[in-house]
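Coordinates in review
The residues making up each chain are set out below.
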2 protein chains.
Amino acid sequence: MSKEAEIREAAMRIFREKGYHAASMQEIANAVGMQKGSLYYYISSKQELLFKIFEEAIGSMARELEAIYARPLSPREKLREAIAAHVRAISQRLDMLSIFLRETRVLSPGQEEVIDIHRLRYERLLQRIVSDGMKSGEFRALDPKLTTYALLGMTNWIYRWYNPSGRFASEQIADIFTDLIFNGLLAPAAGGRDREGR
Amino acid sequence: MSKEAEIREAAMRIFREKGYHAASMQEIANAVGMQKGSLYYYISSKQELLFKIFEEAIGSMARELEAIYARPLSPREKLREAIAAHVRAISQRLDMLSIFLRETRVLSPGQEEVIDIHRLRYERLLQRIVSDGMKSGEFRALDPKLTTYALLGMTNWIYRWYNPSGRFASEQIADIFTDLIFNGLLAPAAGGRDREGR
C-alpha cells in the first residue's frame, strides 16, 4: 500500500471512531508512525484528507461501473455485475460511507461539487443500465429513476448492518439482493407478476 | 399541535439546518416565540430534546407497524401496508431521519438503549411479516433477515433523495417500491423467476 493510501485508511478509521471534528492530525500521524510535520508533506489539512478519501472511493466506484457498462453484456448481466461491484465496494468501505453520510458541511463548496459530480456520474450510469434494460424489454417498464434509487438504497444501507465477520460474505449478499430485485419476493403460485391491482 | 410537538418540530428543522452541535436552545426558543426560560419548562436540555424527537418518531412507527401486524390480513397485504406506512413516515420525517443517521455519539448510553429497543422492535416485526409470508408460501424462501434489510434500505434511503415538491407523492413511491419488491424487475418474457443460475 502506498503511504498516501495508508494515511487515508488510518484517517478513515479514526474519523469513524471519534468523528471527523474530534480527530486530530496528531492522532493520524501517530497511527501511521509518522511525525506530524512529515504528515503535512503528504496532505495539507484534515479537510483535504477527507476530500481525498471521498474522491478516491467514489471515483473508483464510478470507474468500475464505467468498465462494466462498456462490456459486451446485456443490461441484465450489467446490472448483476453492477450490484455485485457496489455491494463489494460498500462492504470494503464501511468506514468511508459512514463518514460520507454522517459528516455534512465539512467540505468546501468546491470540494463538494467535485464529489457530487462523481456521485451523479455513478447514479446516472446505473440508471442508464436500468433504462437500457427497460428499452430492450429485459426489465419491466417501471420508473427508471425510482428503480435506481431503490437499488442504491438497498445496497448503500449495507453500511448500517454489515458485519465483516458475520454470516454473509459480500458475494452472497449481492446474489440474494440481485435475486430479490430480478425475481421479486412473491412466490409464483401466489399470483406474482401481476401489477398488484393497478 | 401541542406546544411540545411544536418545540420538537422547530428543533428538528434547526438541528437539520445547522447540525445538532451548532444549534442553541436560544434559537429553538426564538423559533417557537418563547423565552429561553419558558422553554426549559418543557424540556430540560438539548440532548433530552433530541432523544424525545427520536423516541416519538421511532415509537410511533413501531406502534403503527404493530397495528398493521394485528390486522386480519395475509402477510402479503401486511407487507404492502407496512411499506406504505414506512415510506409515508420517512417522507414526513425527513428532518428527523437525517438527524438520526447523522448525529452519533450524542445521546446518553441509557437514551441510546431506549431508541435501540424501539428500532429493534420495528425491525423484528417487519422481519416477522416477511418470515410469515415465506412460511405461508406467499413469499419465496429467501433469507428473511437480508430481505428485511433490503426493504429497510430501499425505504430509509428515501431521506437522501425525496423532494416533497417533486414528481412523486409518497403513495406513488410506496406503490412502485411494493411492485418492484413483490414482482421483481425482470420482464416475464426475459425468463424471470429462475433462481438466477444458482
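The structure displayed is predicted, hence computed values, not measured ones. (Residues numbered from 1 in each chain as written. Chains lettered and ligands numbered in written order. Predicted model: local features only at pLDDT ≥ 70, side-chain atom pairs only at ≥ 80, totals over all residues. Heavy atoms only, no water.)

1. Re the relation of the copies chain A and chain B
Mapping chain A onto chain B is achieved by rotating through 180 degrees and translating by 0.0 Å along the same axis, at an RMSD of 0.0 Å. Taken together, the rotation angle and the small translation identify this as a two-fold axis. Ranked by how close their C-alpha atoms come to the rotation axis, the residues of chain A are headed by Gly184 of chain A, at 1.8 Å. An overlap of 100% is found between the interface residues of chain A and their copies at the interface of chain B, pointing to a shared contact surface. (Least-squares fit on C-alpha atoms with pLDDT ≥ 70 in both. Contact = heavy atoms within 4.5 Å.)

2. Things to note about helix H7 (residues 109–136) of chain B
Residues and elements named next belong to chain B. Compared with an ideal rise of 1.5 Å per residue, which puts 28 residues at 40 Å, H7 spans 40 Å between its outermost C-alpha atoms and is within 8% of the ideal. Of the positions making up H7, those classed as buried are Gln111, Ile115, His118, Tyr122, Glu123, Leu125, Leu126, Ile129, Val130, Ser131, Gly133 and Met134. Against helix H4 (46–70), helix H5 (75–92), helix H6 (94–102) and helix H8 (144–156) lie the buried residues of H7. Of the residues flanking the end of H7, it is Gly137, one or two places downstream, whose phi is positive at about 90 degrees. (Helix = DSSP H or I, 4+ residues; strand = E, 2+ residues; numbered from the N terminus. Expected span 1.5 Å × (residues − 1). Buried < 20%, exposed > 50% of the residue type's maximum accessible area, 1.4 Å probe, protein only.)

3. Here's the deal with the domain arrangement of chain A
Reports of interface size often rely on the accessible area that becomes lost once the parts have come together. Residues and elements named next belong to chain A. Along its sequence, chain A is carved into domain 1 (1–43) and domain 2 (46–185). Centre-to-centre, using C-alpha coordinates, domain 1 lies 27 Å away from domain 2. Both sides together, the interface formed by domain 1 and domain 2 hides about 1500 Å², and carbon and sulfur atoms give 70% of it. On the surface where domain 1 and domain 2 come into contact, there are one salt bridge. Linking Arg16 and Asp95 is a salt bridge whose minimum nitrogen-to-oxygen distance equals 3.0 Å. In this structure, the connection of domain 1 to domain 2 is made through six residue pairs in polar contact (both at pLDDT 80 or more). Those elements that place two or more of their residues in the side of domain 1 that touches domain 2 are helix H1 (3–18) and helix H2 (25–31). Examining the composition of the side of domain 1 that touches domain 2, we find that seven residues originate from one element, H1, more than from any other. Residues belonging to the side of domain 1 that touches domain 2 are distributed by class as follows: nine nonpolar, two polar and three charged. (Domains from an automatic or database assignment. Buried area = accessible area lost by both parts, 1.4 Å probe. Salt bridge = Lys/Arg side-chain N within 4 Å of Asp/Glu carboxyl O. Polar contact = N/O pair within 3.5 Å; in protein donor to acceptor, adjacent residues only side chain to side chain. Nonpolar A, V, L, I, M, F, W, Y, C, P; charged D, E, K, R; others polar.)

4. Here we look at the packing of H5 of chain B against H8 of chain B
Residue and element names in this part refer to chain B. Following both chains from N to C, one finds H5 and H8 inclined at 35 degrees, their axes separated by 9 Å at the closest point. When you trace H5 past H8, the crossing you get is right-handed. Of H8, the residues touching H5 (which contributes Leu79, Ile83, His86, Val87 and Ile90) are Leu151, Leu152, Thr155 and Asn156. Grouping the constituent residues of the contact of H5 with H8 by class yields six nonpolar, three polar and no charged. (Axes fitted to C-alpha atoms, helices over the stretch in contact; angles between N-to-C directions. Left-handed = near helix turned anticlockwise from the far one by under 90°.)

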